[in-house]
Structure formats: structure tokens, C-alpha cells
Amino acid sequence: MTLGRRDLFLAGGAMALTAGASALVRAQTMDMNHAPAAAGAAQPPSLAGAADHTIRIGTGLVELGPDAIVSTKTYNGQFPGPLLRLTEGRRVVVDIYNDTDTPEQLHWHGQFLPVDVDGAAEEGTPFIPPHGMRRIAFTPGPAGFRFYHTHTRAGRDLSLGLYSGQVGPVYIEPRHERGAYDREVFLVLKEFGPYFSRTEMALDFLDPKAIVPALHAASQTAQLAAIKQGLPQAYNVAYDFFSINGRMLGQGEPIRVKAGERVLFHVLNASASEIRSLALPGHVFRVVALDGNPVPMPAEVPVLWLGTAERVSAIVEMKRPGVWVMGDTIDDDRRLGMGIIVEYAGQKGKPVWRKPLPFRWDYRRFARPDTHMPPPDEMIVMTIAARNAADHGFDVFTINGVSFDMDKMTAQFRLARGRRYRLQFRNATDDIHPVHLHRHTFELTSIAGQPTAGVMKDVAMLGAFQEMTVDFTADQPGLSLFHCHMQPHMDYGFMALFDCA
Ligand SMILES: [Cu+2]
């Protein structure tokens, strides 16, 4: 059963919902103004002098193609936002202006920053007020491919949060450059024109495959309970337009390459809710970094898979002259624009797409061969469950039975500074969840019961009915937000705060 966008708007009263969501965000702003100074806060920067970077949040048009022009919130009137090249350890001052009518948060994804600049209201970062500005200063790190994006709740308002165009890449120059390549190309994968639907495509591409029967049974019980209450299938977000670097396949400039060149692609999945794949026929990707962190064992793969907010840095040796489509392996998504043309010098003709052979994505491919991990100081079990279609047709998520309360914003987990923790995720839902921990990098230590080591990430896809463990050291004082990076999941309960003292 599919519910079209028009039907839903007629049924739901979209305008009223929009106003409600804005009021909620405004109430949070007022609360924040009365909050005591958050732990881990840095000295506020001086307002004297010019900033190193200025970012303006505003509403603008993005021309994805001649017949696909969307109005959305952007950074500096462009999509993606400007590439910010920072240097590890060299302090920067950034002015952020908000030219919109709603409070905003700008999150520096993947960096180790104090709570007053990290960009999450849940941690205590002040909002950038509507038609106001904030000057922030921070010391960038760790080195590698990061990004910046909005961190507001969208709920039922698909103009807010990551449904908008508020995404931009960050590259933090390492002190020592690594890898043999000739040039870098940044690719930001992003959908536009979001609408509600009830169709959901199940993706089966993760290895290892083993599921935990008890988690599967718990999910089934929850789904049966929803059916018994007569609740329909929950809402899912679908999209009209798909793009790479803000242009639909065939509508932008091709990536022009020369035979023999080694191109380092920095790929970001900037989707609010979708997992993406990417292939370039006739070529392989040599994955050198995941989420900007060098992998212990660079390895060649025919297809990249990225959960929301994940990054892959991969070198492609250009040795098959021609004109190719680099695109999503899902035909519908590629036809709706998810791709970019790669054109060799002197080559002409219709761009060629070839479906890659079936391929399963496994983080362990890039892991350290030796999987012996020292035991953590403490283990924290986090069981994720869903109450299907429980909140006006949206799935509500819980962690250990608790759904995050956006009004109270209380910390669910306490951490002692300097201790090493192991998070054991247990997914009692039928979705893959790209889970994200702010202000830290974690190490994957087991996937579906299989031990692994050495892969450092800030987002990792947790398979349906599966378990995964990640280790990290609690070295950031104050609150750190943990959440699923799918906007509809984080908006409906899939969040928790860690409080480190
Ligand atoms: Cu999720």
C-alpha cells in the first residue's frame, strides 16, 4: 500500500504541523538560554577581527537539472556548502549567520569539539537564533574527511533538518599526507524533494549475515502488536530527485580524467534517510579511509556502500578509457539522478553503465588481521527496539526501553573520564541503523558475533536483528550525543546522551 504525498498533505494538514515543530524548537532555545554553562565549554571567541570562515544559512534554489529546481535551506546559497579545508590543530574562527526564521544548529560531524561548538542542542550547544549569528572558535581534529550539517529536529516538517540542503564537506589536512594519488574529488550524495510514503525497500548487502533469533522474535512481536491495534505500515520518506554534488546524473560537468591518473574520491552520503551504493563500471575502488580515518588494510572493492553520514575515501586508478556512469547500483535511484559521468580525455559517446556483480559490504575487509582486543573497562548494552507506527504513523524507537525525550534531554548513560567502554548494540528492529556517536571515534570490535579490530569510525551500520560492538575511550568531558543518523529515527526517540565527568 502506498500513500502519495498529495493524499498525505490533504489528510494531515501540513501547515499546522510545520508551525508546531517550529514552536518546539523555539521553546528549546529559551530553555538553553537559562541553562548553566555546560561542562566542557571553551572560552568564547573574541568578536574583534575577521573570521576565518563565514557560513550563511538561508533559503535558496538548487538547480539539480533544467527541469528540477528545488527551494531548500543551504549554506552560502549553494549545494553542497563550501568545502572547508582546515588544518589539524590550527584554531579557526567561524561566523555562522542564520538568515532563516527557525533556530539552527550546525554540527561539526566527526570532530572532537567542546559541547558549546559541537552543534547539538541536546549537548547544550546554543542555537543560532533566527536572523541572528554566532561566532565560534575551535581547534580542528582529528585529521581527515569530516563534514558539517544541520542538527535540528524535523519530525513531520520535511523542510527542516537533513531533509534540507544544509550539508558541506570538511577536509582537515593531516600533518603528514598519505597515499599515492594525483588529485582529490569530493562527492556529496544527496536526495531532494522528500515526501512521505509507506513503501520501504529492504536492502540486503551487509556481511556477516548472522542474525540473533531473539532480536528477530522481539521485532516480530512488536510488529504483531501494531497490527493488532490496527495501525497501518509506518511512514517512510521517499524522494523525487537524486544528485551528486547538487546535479542529477548527466546534468552537471563530468569528472574529466586522464588514463593513468589516480583519483582519490572522498564520498559522503549526505542523505537524511537512505543508504547508498556507488559503482564505476570497469574500475575498482581502493578504500583507504572510512569516515576519514585511514583503514589498517586498504582493499579493493567493486562497489561502495554508505549508510547516512558515512564517508569512504577510495583511490581509483583510471585505466579503462571511455565515458562511464559512476552511479548508484539501484536502477530507480540512478535513473532519478544518483550518478555522475566520468569522462576520459579524448573520449566521446553515450555514458556507459554496467551493473556490477553481486557484492556484499563488510567492514572487516579493511580491518586489522589480528583481532585480539584488550578487554574494555566497562560494557554498556544498548538494545534498540521499535514501537511500530506508534506516534501518528511514525515508528517510535527506544534504547533499553527509553525513547529520548526532547523536552527533558536527560543523560541515559554516565561515563567516567579516561575509561575505555564497549557499547554492545542489539538491534531488535528490521531496519539497518547507521549509528553515530558525537565527539568521539570508535573502533569496531565485533560485527554479528565476529571479532574485528582496527577500523575507526564515527558512524557504523548496525544490521537488522544483529549485534555489533564498538570500543571508545571517554575522553571528552560533558555530554556526547548518540543517535541513529536517519532523520526519522533520531526524531522519534533513537537518541541517548552520554554524560562524562
Ligand atoms: Cu535508524
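Residues numbered from 1 in each chain as written. Predicted model: local features only at pLDDT ≥ 70, side-chain atom pairs only at ≥ 80, totals over all residues. Heavy atoms only, no water.

Asks: Account for the coordination of the copper ion, with residues named and values stated.
Replies: Ligation of the copper ion by protein atoms is provided by His433 (ND1), Cys484 (SG) and His489 (ND1), these donors lying 2.0 to 2.1 Å from the ion. Positions of the donor residues of the copper ion along the chain correspond to the pattern H-x50-C-x4-H. Here His433 is found in strand S24 (residues 433–437), whereas its partner His489 is found in helix H6 (residues 487–491), with 56 residues between them in sequence. The class of His433 is buried, set by a relative accessible area of 0%. What makes His489 buried here is its relative accessible area of 10%. (Donors = N, O, S within 2.8 Å, 3.2 Å for Na, K, Ca; no water. Helix = DSSP H or I, 4+ residues; strand = E, 2+ residues; numbered from the N terminus. Buried < 20%, exposed > 50% of the residue type's maximum accessible area, 1.4 Å probe, protein only.)

Asks: Before we move on, can you summarise the pairing of strand S16 (residues 303–306) with the specific residues and values?
Replies: Along S16, one buried face is formed by Val303 and Trp305 and the opposite face, lined by Leu304 and Leu306, is buried too. Where strand S13 (residues 276–279) lies against S16, 4 bridges are found, and the strand directions are antiparallel. Among the inter-strand pairings, Leu278 is bridged to a residue of S16, identified as Leu304. (Pairing = 2+ DSSP bridges.)

Asks: A description of the sheet that holds strand S14 (residues 285–290) should follow, citing residues and the corresponding values.
Replies: Ordered in space as S10-S9-S12-S17-S14-S15, the 6 strands form an open sheet in which the pairing is mixed. In this open sheet, the two edge strands, each paired with only one partner strand, are strand S10 (236–244) and strand S15 (293–301). Geometrically, the sheet is characterised by an average inter-axis angle of 25° between neighbouring strands, direction not taken into account. Taken together, the 8 bridges between strand S9 (residues 183–197) and S10 define a ladder with antiparallel strand orientation. Each bridged residue has a counterpart across the sheet, and for Glu191 the counterpart in S10 is Phe242. (Axes fitted to C-alpha atoms, helices over the stretch in contact; angles between N-to-C directions.)

Asks: Explain the packing of aromatic side chains to me, using residue names and the numbers behind them.
Replies: One pass over the structure, following the stated rule, counts 20 aromatic pairs. On the numbers, 5.7 Å between centres and 35° between planes, the contact of Phe397 with Phe494 is tilted. Of this pair, Phe397 sits in strand S21 (residues 394–399) while Phe494 is found in the loop between H6 and strand S31 (495–500), placing the two residues 97 residues apart along the sequence. Like Phe397, the residue Phe494 is buried in the burial classification. Here the aromatic cluster, defined as three or more aromatic residues joined through ring pairs, consists of Phe397, Phe413, Tyr421, Phe425, Phe472, Phe482, Phe494 and Phe498. Directly above the aromatic system of Tyr97 lies the positively charged group of Arg56, at a separation of 4.2 Å from the ring centroid. Above the plane of the ring of Tyr492 lies Arg153, whose end atom (NZ or CZ) is 4.9 Å from the centre. (Phe/Tyr/Trp six-rings, centres within 6.5 Å; stacked < 30°, edge-to-face > 60°. Lys NZ or Arg CZ within 6 Å of the ring centre and 35° of its normal.)

Asks: Which residues make up the sheet that holds strand S28 (residues 459–462), and what values go with them?
Replies: A sheet is described by the order of its strands in space; here 5 strands give the open sequence S22-S31-S30-S24-S28, paired in mixed fashion. Two strands lie at the open edges of the sheet, namely strand S22 (413–415) and S28, each paired on one side alone. For this sheet, the mean angle separating the axes of adjacent strands, direction not counted, is 25°. The pairing of S22 with S31 spans 3 bridges and is parallel. Residue Phe413 lies in a different strand from S31, and its bridge partner there is Phe498.

Asks: Can you lay out the environment of Val117 for me, pointing to particular residues and giving the numbers?
Replies: For Val117, the location among the structural elements is in helix H3 (residues 115–118). The buried category is assigned to Val117, whose relative accessible area is 4%. In this structure the C-alpha to C-alpha distance between Val117 and Asp207, which are 90 residues apart in sequence, comes to 36 Å. For Val117, the residues in contact, after removing those within four places along its chain, are Leu106, Trp108, Thr125, Ile136, Ala137 and Phe138. (Contact = heavy atoms within 4.5 Å.)

Asks: So what about the nonpolar core? Which residues, and what values?
Replies: Membership of the largest hydrophobic core comes to 104 residues, with the highest contact counts inside it found for Leu187, Phe265, Leu304, Met326, Trp361, Phe425 and Phe482. With 7 residues, the top contributor of residues to this core is S9. Look past the residues within four positions of Met326 in its chain and what remains in contact with it is Leu187, Ile244, Ile255, Phe265, Leu278, Ala279, Leu280, Phe285, Gly339, Ile340 and Val342. Core analysis: the second largest hydrophobic core is formed by 18 residues, Ile57, Val117, Phe138 and Tyr148 among them. (Core = buried A, V, L, I, M, F, W, Y, C linked by side-chain atoms within 4.5 Å.)

Asks: Residue-level account of the confidence of the model for the chain, with values.
Replies: Fine structural detail should not be taken from predicted coordinates in areas where pLDDT scores are low. Averaged over every residue, the pLDDT of the chain is 91; residues scoring 70 or more account for 90%. Segment residues 1–40 is flagged for pLDDT under 50; beyond a separation of four residues in sequence, or across chains, it makes 49 contacts in the model. (pLDDT = per-residue confidence, 0-100.)

Asks: If you had to explain the environment of Gly250 to someone new, which residues and values would you point to?
Replies: Relative to the helices and strands, Gly250 is located in the loop between S10 and strand S11 (255–257). Taking the C-alpha atoms as reference, Gly250 lies 7.9 Å from Gly337; in sequence the two are 87 residues apart.

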